[in-house]
Amino acid sequence: MYRFLLTPRWWGINVFVLLAIPFCVFMGSWQLSRFEARVDDHRSAKELAESARTEAARPLAELLPVDKATSGRRTTATGHYGKQLLVPDRQLDGRDGYYVLTLLRTDGGKALPVVRGWLPGSADSAKAPQPPAGQVTVTGTLQASETPGDNGVSAQGGLPAGQTSAISTASLVNLVPYDLYDAWVTLDTADSGMTAVPATAAADTGLDLKAFQNLGYTGEWFVFAGFVVFMWFRLLRREVEFARDAELGILPEEPGESEATGESEETGAGSADRHERVQEDASTPVR
């Protein structure tokens, strides 16, 4: 009864199933591992943020380059403030405002972008406090360069002179005449009447939409694997039932067979009726 499994058609079906199921399971497991990795990164980022509040600030050179392990740690740098820029369309506590960003020229020759604070309203250079003169030492939280379009960072172009949409080396390199560190710092304590800007978690360390997309894809791949198994058993059952019916001589009617049978029955019945009428006419006496 199961000899049909050796036919070329079923060889193709079986090979497809044997390849599809492991592939779906592998992809589902990989997506699940990505979700678990994001959960671990989120947990590590929270622990880092809690420990960073109490740990001593370390020199900038010890924390570069910025990665998941160093983003969010407190750092210190010494230099002279230079060019100042504004970063518009930044919210804080649900209010619209802007960052005051000043370049700190360090003794090493490079400039470090420093967010000195946040002010409400539209970006206005006249309202932004000027930086202190002379040598200063800043202490704040180290942050990785922003990526326009991520985490609410604007990708807007064509801003007025003295403004930038993102705090990143790629955005600042054409606005300032200094070599730049690929990082920035938000001060622990804002300067002169401004509000301190809280640090953000490193990229890909939060339970954001991408993390739950990974979880959703996990479910999809496992459902696909189950669907392949379900369809294989359904096809097998239909084939077995067809083979059993064939052994018993119960075969499905071919298309048009029932119509032809009905027509032949109707034709036979019509002929019988005509034959009976002819006999009745012949037996009727002529007057």
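A brief structural summary. Just so we're clear, the structure is a prediction, and the values are computed from it rather than from any experiment. Residue indices follow the written sequence of each chain, beginning from 1 at its first position. Per-residue local features are limited, in this predicted model, to residues with pLDDT of at least 70; the limit for side-chain atom pairs, both in listing and counting, is 80 or more; totals at the level of whole chains, interfaces and linings are taken over all residues. In computing side-chain properties, one takes all heavy atoms of the structure into account and sets aside hydrogens as well as water.

### Comments concerning the pairing of strand S3 (residues 95–106)
(1) Moving on: Within S3, 9 of the 12 residues are buried, which leaves it mostly tucked inside the rest of the structure.
(2) Moving on: Note: strand S2 (residues 74–92) against S3, 10 bridges, orientation antiparallel. Bridge pairing links Arg90 to Gly97 in S3.
(3) Moving on: Hairpin remark: S2 followed by S3, antiparallel, with 2 residues in the connecting loop; positive phi at Asp93, about 55 degrees.
(4) Moving on: Strand pairing is assigned whenever DSSP identifies at least 2 bridges connecting the two strands. The helix and strand labels rest on DSSP assignments: H or I over at least four residues marks a helix, E over at least two residues marks a strand, and numbering proceeds from the N terminus. Here 9 bridges tie S3 to strand S4 (residues 111–120), and the two strands are oriented antiparallel to one another. Across the sheet, Thr102 pairs through a bridge with Val114, a residue of S4.
(5) Moving on: Between S3 and S4, which pair antiparallel and follow one another directly, the connecting turn spans 4 residues, one of which, Gly109, has a positive phi of 100 degrees. Each residue is assigned to one of three classes by its accessible area relative to the maximum for its type, calculated with a 1.4 Å probe on protein chains only: buried under 20%, partly exposed between the two thresholds, exposed over 50%.

### Quick word on the nonpolar core
A general trend in soluble globular proteins is that nonpolar side chains are found buried together.
(1) Moving on: The biggest cluster of nonpolar side chains holds 16 residues, and the ones touching the most others in it are Tyr99, Leu101, Leu103, Val115, Ile167, Val176 and Leu180.
(2) Moving on: Mapped onto this core, the elements with two or more residues apiece are S2, S3 and S4.
(3) Moving on: Any two residues whose heavy atoms approach within 4.5 Å at even a single point are treated as in contact. The residues touching Tyr99, leaving out its near neighbours within four places in the chain, are Leu85, Leu86, Val87, Arg90, Val115, Gly117, Trp118, Ile167 and Val197.
(4) Moving on: Listed in part, the 15 residues of the second largest apolar core include Val66, Val114, Ala183 and Val185. Working definition of a nonpolar core: buried Ala, Val, Leu, Ile, Met, Phe, Trp, Tyr and Cys residues. They are joined through side-chain atoms within 4.5 Å.

### A few points about the pattern of salt bridges
As a working rule, side chains carrying opposite charge can pair if their charged atoms are close by.
(1) Moving on: Just to be clear on terms, a salt bridge is a Lys or Arg side-chain nitrogen sitting within 4 Å of an Asp or Glu carboxyl oxygen. Summed over all chains, the structure comprises 6 salt bridges.
(2) Moving on: Across the pair Asp188 and Arg74 runs a salt bridge whose closest N-O atoms are separated by 2.9 Å. Here the residue Asp188 occupies a position in the loop between strand S6 (184–187) and helix H4 (209–247), and Arg74 occupies one in strand S2, the gap between them amounting to 114 residues.
(3) Moving on: Close ionic contact of Arg116 with Asp191 constitutes a salt bridge, the shortest N to O distance being 2.9 Å. Residue Arg116 is found in strand S4, and its partner Asp191 is found in the loop between S6 and H4; the two are separated by 75 residues along the sequence. Taken as a pair, Arg116 and Asp191 share a single burial class, namely buried.

### Considering a nonpolar patch on the surface
(1) Moving on: Patches here are clusters of residues that have more than 30% relative accessible area and form no salt bridge, with a 9 Å joining cutoff for like charges and a 5 Å cutoff for nonpolar side chains (Val, Leu, Ile, Met, Phe, Trp, Tyr). Areas reported as accessible are Shrake-Rupley estimates using a 1.4 Å probe. Residue values count occlusion only from the protein chains shown. Residues Leu6, Trp11, Val15 and Leu19 make up a contiguous nonpolar surface patch of roughly 460 Å² in combined accessible area.
(2) Moving on: One can find Leu19 in helix H1 (residues 8–52).

### Description of the pairing of S4
(1) Moving on: Most of S4 sits inside the fold, with 9 of its 10 residues counted as buried.
(2) Moving on: Sheet analysis places S4 next to S6, joined by 2 bridges and oriented parallel. Directly across from Val114, in S6, lies its bridge partner Val185.

### A look at the environment of Gly97
(1) Moving on: Take Gly97: it is sitting in strand S3.
(2) Moving on: It is 10.0 Å that separates the C-alpha atoms of Gly97 and Asp124, two residues lying 27 residues apart in sequence.
(3) Moving on: Discounting chain neighbours no more than four positions away, the residues touching Gly97 are Val87, Pro88, Asp89, Arg90, Trp118, Leu119, Pro120 and Gly121.

### Quick look at the environment of Gly134
(1) Moving on: With respect to the helices and strands, Gly134 occurs in the loop between S4 and strand S5 (135–143).
(2) Moving on: Along the backbone, Gly134 and Tyr81 are 53 residues apart, and their C-alpha atoms lie at a distance of 7.7 Å.
(3) Moving on: Ignoring anything within four residues of it in the chain, the contact list for Gly134 reads Gly79 and His80.

### Overview of the packing of aromatic side chains
(1) Moving on: Put simply, two rings from Phe, Tyr or Trp (the six-membered ring, in Trp's case) pair if the centres are within 6.5 Å, and we call them stacked under 30 degrees between planes, edge-to-face over 60, tilted for the rest. All told, the structure shown has 5 aromatic pairs when counted by the stated rule.
(2) Moving on: Their ring planes at 80 degrees and their centres at 6.4 Å tell us that Trp10 and Trp232 sit as a pair that is edge-to-face. Of the two residues, Trp10 is situated in helix H1 and Trp232 in helix H4; the sequence distance between them amounts to 222 residues.
(3) Moving on: Seen from their ring centres, Trp232 and Phe233 are 5.1 Å apart, and the 85 degrees between their planes marks the pair as edge-to-face.
(4) Moving on: Members of the aromatic cluster, joined through ring pairs, are Trp10, Trp232 and Phe233.
(5) Moving on: Just above the ring of Tyr81 sits the side chain of Arg116; from NZ or CZ to the centre is 5.8 Å. For a ring to carry a charge above it, either NZ of a lysine or CZ of an arginine must fall within 6 Å of the ring centroid while also lying within 35 degrees of the normal to the ring plane.

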